[in-house]
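# Coordinates in review
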Amino acid sequence: MRSIAIVCSGGDASGMNPALKRFVEYAIANACTPYFVYDGYEGLIDDRIGEAHYRDVSGILNKGGTVIGSSRSERFMLPKYRTQAALNLKKRHIHMLVVLGGDGSFRGMDTFYKEHRIACCGIPATIDNDIFGTAYTLGVDTALGMIRTAIDAIRDTAASLNRAFVIETMGRECGYLALVSALTSGAELCLVPEIPYDLQRITPRLKQQLQEGRHYFIIIISEGIAHDREAIATWLSNDVGIETRLNVLGHLQRGGNPSVYDRLMAYRFVTYAIDALLNGNNNSVVCYNDHTFSYRNVHDVATTPATVEAELLRLATPLCTLEH
Ligand code: ADP
């Protein structure tokens, strides 16, 4: 029997649990012994590794987060701890590893493979949708659903009290969550790092809307411009002239039970990852573009900055500049 392990690394994302369930079932179906690495690369270093059974994954499909834990690991940046991690796998005859994580996790995975020749396959899993080479990362759909629920609720109070709400989404340097949320929630304005904005040019357009009878605003901003959040709220109060509240959505965006789409994508990503490892594809990331799965070199994926697709930027630009 060959052995194969899975680890969740970096920020958690909804969809990781359905991925773990598929991992156990598909590994066993392929005559492999599945192992869980608990608590990310920290657990890999500290030998928190255990064989996984069907019973470990029953009843987890509908849970957010990851039942095996995740972590950020300073130690994994150092060669001596990566050597310790590799020994923990090798003593169990585990020579294949699936890594669920973001670009940081993939940089670690790339180095780990090159040093220790343990075959690795990455599955992009982050709510930020900010991984180069793939149009979708696991967890995005569920996160967008959580954001939608939050914005809908805030809209109720904004409309009742005649206020502007500045709502900040996650996304690190990537404006994807903010852009999609703004387009699908009827926001009046969206501000993201990808599209330059000039608040003074926007002022007359919002003032005009107030004169025409609008009595509240929903304004979505993304984490990448968080440094401007207070200035944006002050600008709305002072220049546009509407009482304003700031709402940083924070970690609720990471939670929530996985959407149907994320359950299905988890199933598919894991299937492709195990297939890659069983076919001798040793150091790649499963990518999803144009309804098709493919494999990309992990180094390219981990070291190239991601960009938001051009069509989405084009569609959203009027909402970001209020110029048509
Ligand atoms: P994400 O995978 O969500 O982008 P991080 O950027 O925090 O999250 O990376 C997760 C972990 O990957 C880090 O805590 C670290 O253990 C490991 N990692 C990141 N970059 C490297 C690197 N250059 N070399 C080795 N390990 C790394």
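Definitions and limits used
- Residues numbered from 1 in each chain as written.
- Predicted model: local features only at pLDDT ≥ 70, side-chain atom pairs only at ≥ 80, totals over all residues.
- Heavy atoms only, no water.
- Axes fitted to C-alpha atoms, helices over the stretch in contact; angles between N-to-C directions.
- Helix = DSSP H or I, 4+ residues; strand = E, 2+ residues; numbered from the N terminus.
- Parallel < 35°, antiparallel > 145°, perpendicular 65-115°, else oblique.
- Left-handed = near helix turned anticlockwise from the far one by under 90°.
- Contact = heavy atoms within 4.5 Å.
- Near = heavy atom within 4 Å.
- Polar contact = N/O pair within 3.5 Å; in protein donor to acceptor, adjacent residues only side chain to side chain.
- 1 Å grid on protein atoms, 1.4 Å probe; cavity = no way out; pocket = protein on both sides within 12 Å on 5 of 7 lines; lining within 4 Å.
- Sits in = over half its atoms within 2 Å of the grid points.
- Nonpolar A, V, L, I, M, F, W, Y, C, P; charged D, E, K, R; others polar.
- Expected span 1.5 Å × (residues − 1).
- Buried < 20%, exposed > 50% of the residue type's maximum accessible area, 1.4 Å probe, protein only.
- Pairing = 2+ DSSP bridges.
- Phe/Tyr/Trp six-rings, centres within 6.5 Å; stacked < 30°, edge-to-face > 60°.
- Salt bridge = Lys/Arg side-chain N within 4 Å of Asp/Glu carboxyl O.

## A look at the packing of helix α7 (residues 176-185) against helix α12 (residues 310-321)
Look at α7 against α12: their axes get within 10 Å of each other, and the N-to-C directions meet at 70 degrees. Classified by the angle their axes make, α7 and α12 are roughly perpendicular. For the crossing formed where α7 meets α12, the hand is left-handed. Residues Tyr-176, Leu-179, Val-180, Ala-182 and Leu-183 of α7 form the contact with α12, whose own contacting residues are Leu-312, Leu-313, Leu-315, Ala-316, Leu-319 and Cys-320.

## Digging into the site of the ligand
The full set close to the ligand counts 16 residues, and Arg-72, Ser-73, Gly-102, Gly-104 and Ser-105 are the nearest of them. Here an oxygen atom of the ligand sits 2.9 Å away from a polar atom, N or O, in the main chain of Gly-102. Here an oxygen atom of the ligand and a side-chain polar atom of Asp-103 are 3.1 Å apart. Here the ligand occupies the largest pocket. The element best represented in the shell around the ligand is helix α5 (residues 103-116), accounting for five residues. Across the shell around the ligand, the residue classes tally to three nonpolar, eight polar and five charged.

## Thoughts on helix α6 (residues 140-161)
In this model α6 runs 31 Å from its N-terminal to its C-terminal C-alpha over 22 residues, within 8% of the 32 Å that 1.5 Å per residue would give. Turning to α6, its buried residues number three or more, namely Val-140, Thr-142, Ala-143, Leu-144, Gly-145, Ile-147, Ala-150, Ile-151, Ile-154, Arg-155 and Ala-158. Within two residues after α6, Asn-162 carries a phi angle of roughly 60 degrees, on the positive side.

## Here we look at the sheet that holds strand β6 (residues 164-169)
As summarised here, the arrangement of the four strands in space is β7-β8-β6-β9, forming an open sheet in which the pairing is parallel. The open sheet is flanked by β7 (189-191) and β9 (244-248), the only strands paired with a single partner. When the angles between neighbouring strand axes are averaged without regard to direction, this sheet yields 20 degrees. Relative to strand β8 (residues 217-222), β7 is paired through three bridges, and the arrangement is parallel.

## Side note on the packing of aromatic side chains
Applying the stated rule across the entire model yields eight aromatic pairs. When the ring of Phe-36 is compared with that of Tyr-38, the centres are 6.1 Å apart and the planes differ by 90 degrees; the resulting orientation is edge-to-face. Overall, the relative accessible area of 1% leaves Phe-36 in the buried class. By relative accessible area, Tyr-38 is classed as partly exposed at 28%. Ring plane angle 50 degrees and centroid distance 4.6 Å describe the contact between Tyr-288 and Phe-293, whose orientation is recorded as tilted. Tyr-288 gets classed as buried once you look at its relative accessible area, which sits at 9%.

## Overview of the pattern of salt bridges
Evaluation of the coordinates by the stated rule reveals 19 salt bridges. Among the ionic pairs, Asp-12 bridges to Arg-254, the shortest N-O distance being 3.4 Å. Note that Asp-12 is positioned in the loop between β1 (2-8) and α1 (16-29) and Arg-254 in the loop between β9 and α10 (260-278), a separation of 242 residues in sequence. You can call Asp-12 partly exposed: its relative accessible area is 25%. Assessed through its relative accessible area of 17%, Arg-254 is described here as buried. Each of the salt bridges in this network shares a partner with another, and the network as a whole consists of Asp-39, Glu-42, Asp-46, Arg-48 and Arg-75.

What is shown is where atoms sit, not what they do.
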